[in-house]
Amino acid sequence: MGASLWSVTGPAVGSAFFASLVEVVEAFTIILAVGTLRGWRPTAFGTIGALGALAAIIALLGPLLDRVPLQALQLAIGALLLLFGLGWLRKAVLRAAGIVPLHDEAAIFMTEVAQLTRGPARNGTAFDWIAALTAFKAVLLEGLEVVFIVIAVGAGRDLVWPASLGALAACLAVLAFGLAIHKPLARVPENTLKFGVGVMLSAFGVFWTGEGLGIPWPGRDLALPVFAGLFLGVALATASILRRPLTELVR
Amino acid sequence: MSLIREIVTELFGMFMADGWLAFGALIVVGIAALLVSTLPTYPLAAGVVLLVGCLAILVTAADREAKRRSTE
């Protein structure tokens, strides 16, 4: 029973933590660029506004989810997880194969700074709405993905709270490191994390979809780690086969 | 309005970044659902189709994108 319970709870909390880590690092890069260039007051205003909007979305969605029958919820969330997870994994495979360039937080930071520099200049003591809106947008868009992942990995087994704690731990970790170094978190192995999370989300997608369809998986919850192992093996093999020769990469 | 459009685009992109992959995954789910209803005594057959189908979709989608980029 214990092993069976942890075979779902562990991956749910882990997936929420690592997926949130990826998303929060991306949001942090933009917030850092906006705050450094345009001031921290409007940046904090936009960030808190977006967190409030996300809280409102969760408050609205939470009671609605309770009204959906579990099997229908598992099927709907499972299918959405398949679309989302397979998409992440496909991109991670292409990055691991050297076909798509790796995500570069330092480059994204510089691009964001360049865009904000080109934008309208700050008007004396007037509130900088452009900075606030940029921060709001970054936190809201990345946050929506976190909310979806937390609900998707948690709702099928009443694990939304443990998954939320995983996401919150990721937010606090990024905030703590970010405040300490005050630079984009460029050394986070983003593609490795995305590869791992893509594997887990795809495995959850197959698992929940099957449960929603009424498929009795052999070993019940223990089937989840087996699916994850299969996705990992196939994804690594695909990346290895697609990897271009070194000469072509250099060219 | 531009913000709402961006949010909708982002949400759509979350699930439909690669149209072929999304369509393929939904077809696999549809086939599995059909198998469950037509072969209720062998529900595991639908499970095998779902799992193997998703793995095949992943490999094919990555291969398609790799080929598309190599011809650019």
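Counting starts from 1 at the beginning of each chain's written sequence and moves along it residue by residue. Following the order in which they are written, the chains are lettered starting with A and the ligands numbered starting with 1. For this predicted model, a pLDDT threshold of at least 70 governs which residues receive local features, and a threshold of 80 or more governs which side-chain atom pairs are given and counted, while totals over whole chains, interfaces and linings are taken from all residues.

Trainee: Got a minute to help me understand the overall build of chain A in this structure?
Mentor: Runs of E in the DSSP output that reach at least two residues are strands. Runs of H or I that reach at least four are helices, and both are numbered from the N terminus. The helix and strand inventory of chain A stands at nine helices and zero strands. Scanning chain A from its N terminus toward the C terminus, one meets helices and strands in the order α-α-α-α-α-α-α-α-α. Whereas a compact globule of 251 residues would reach a radius of gyration of roughly 18 Å, chain A reaches 20 Å, a difference of no more than 12%. Overall size of chain A, expressed as C-alpha extent along the three principal axes, is 65 × 55 × 30 Å. By definition, residue pairs are in contact when their C-beta atoms, positioned from the backbone, come within 7 Å. Sequence-distant contacts, at least 24 apart, represent 87% of the contacts inside chain A between residues at least 6 apart. The globule rule used here is 2.2 Å times the number of residues to the 0.38 power, and the radius of gyration it is set against is calculated over C-alpha atoms.

Trainee: Can you walk me through the interface of chain A and chain B in this structure?
Mentor: As a measure of interface size, the accessible area lost when the parts come together is often cited. In this complex, chain A contributes 35 residues to the contact, which on the side of chain B involves 34 residues. Residue assignment for the side of chain A that touches chain B shows that the elements contributing at least two residues are α3 (70–96), α5 (129–154), α7 (190–213) and α8 (223–242) of chain A. The element that contributes the greatest number of residues to the side of chain A that touches chain B is α3(A), accounting for eleven residues.

Trainee: I'm lost on α5(A) in this one. Help?
Mentor: Count 3.6 residues to each turn of an α-helix, and residues three or four apart come out pointing the same way. Compared with the 38 Å implied by 1.5 Å per residue over 26 residues, the 36 Å span of α5(A) between its first and last C-alpha is a close match. When you tally the buried positions in α5(A), you get 19 out of 26 residues, the bulk of the element. Expected span of a helix, by definition, is 1.5 Å for each gap between consecutive residues, and there is one gap fewer than residues. Buried residues are those with 20 or more other C-beta atoms within 10 Å of their own C-beta, exposed residues have 12 or fewer, and partly exposed residues lie in between; C-beta atoms are placed from the backbone.

Trainee: Help me out: how do you make sense of the nonpolar core in this one?
Mentor: The tendency in soluble globular proteins is for nonpolar side chains to be buried as a group. A set of buried Ala, Val, Leu, Ile, Met, Phe, Trp, Tyr and Cys residues, joined to one another through C-beta atoms within 7 Å, is what we call a nonpolar core. Ranked by internal contacts, the top residues of the largest apolar core, which has 94 residues, are A:Ala16, A:Ala203, B:Cys54 and B:Leu58. Taken together, the elements giving at least two residues each to this core come down to α1 (2–38), α3, α5, α6 (160–181), α7 and α8 of chain A together with α2 (19–38) and α3 (43–70) of chain B. The dominant element in this core, judged by the number of residues it contributes, is α1(A), at 18 residues.

Trainee: Is there a simple way to explain unusual backbone geometry in this structure?
Mentor: Backbone geometry at A:Arg220 places phi at a positive 50°, although glycine is not the residue there. Within the element layout of this structure, A:Arg220 appears in the loop between α7 and α8.

Trainee: Even after reading the chapter, I still don't get the confidence of the model for chain B, so can you show me in this structure?
Mentor: For any part of a model where pLDDT is low, the fine detail of the predicted coordinates should not be relied upon. The predictor attaches a confidence to each residue, and that confidence, scored 0 to 100, is pLDDT. Summary statistics for chain B give a mean pLDDT of 89 and a share of 99% for residues scoring 70 or more. At the level of chain-chain contacts, confidence expressed as ipTM amounts to 0.91, with global pTM at 0.83.

Trainee: Would you take a moment to explain the environment of A:Leu201 for this structure?
Mentor: Residue and element names in this part refer to chain A. Topologically, leucine 201 is positioned in helix α7. Separated by 186 residues in sequence, leucine 201 and serine 15 place their C-alpha atoms 7.3 Å apart. In this view, leucine 201 contacts Ser15, Leu81, Phe84, Gly85 and Trp88; residues no more than four positions away in its chain are not counted.

Trainee: Any chance you could explain the packing of α7(A) against α8(A) here in plain terms?
Mentor: Packed helix pairs are characterised by how far apart their axes lie and by the angle those axes make with each other. Residue and element names in this part refer to chain A. Note on definitions: angles span 0 to 180 degrees between N-to-C directions of axes, and those axes are lines fitted to C-alpha atoms, for helices only across the stretch in contact. Close contact between α7 and α8 brings their axes to 8 Å; oriented N to C, the two are set at 130°. In terms of their interaxial angle, α7 and α8 are classed as oblique. Classified by chirality, the crossing of α8 by α7 is right-handed. Mapping the contact onto sequence places Phe195, Val199, Met200, Ser202, Ala203, Val206 and Phe207 in α7 and Ala223, Leu224, Phe227, Ala228, Phe231, Leu232 and Ala235 in α8. Any residue that is not Ala, Val, Leu, Ile, Met, Phe, Trp, Tyr, Cys, Pro, Asp, Glu, Lys or Arg is counted as polar, Gly included; the first ten are nonpolar and the last four charged. Its residues assigned to classes, the contact of α7 with α8 comprises 13 nonpolar, one polar and no charged. Convention used here: angles under 35 degrees read as roughly parallel, angles over 145 as roughly antiparallel, angles from 65 to 115 as roughly perpendicular, and any remaining angle as oblique. With the far helix as reference, a near helix turned anticlockwise by less than a right angle produces a left-handed crossing, and one turned clockwise produces a right-handed crossing.

Trainee: When you look at the packing of α3(A) against α3(B) in this model, what are you seeing that I'm missing?
Mentor: Closest axis-to-axis distance for the α3(A)/α3(B) pair is 10 Å, and the angle between their directions is 45°. As far as their axial angle goes, α3(B) and α3(A) are oblique. The two elements α3(A) and α3(B) cross, and the hand of that crossing is right-handed. Of the residues in α3(B), those in contact with A:Leu82, A:Leu86, A:Leu89, A:Arg90, A:Val93 and A:Leu94 of α3(A) are B:Cys54, B:Ile57, B:Leu58, B:Ala61, B:Ala62, B:Glu65 and B:Ala66. Along the lines of polarity and charge, the residues of the contact of α3(A) with α3(B) split into eleven nonpolar, no polar and two charged.

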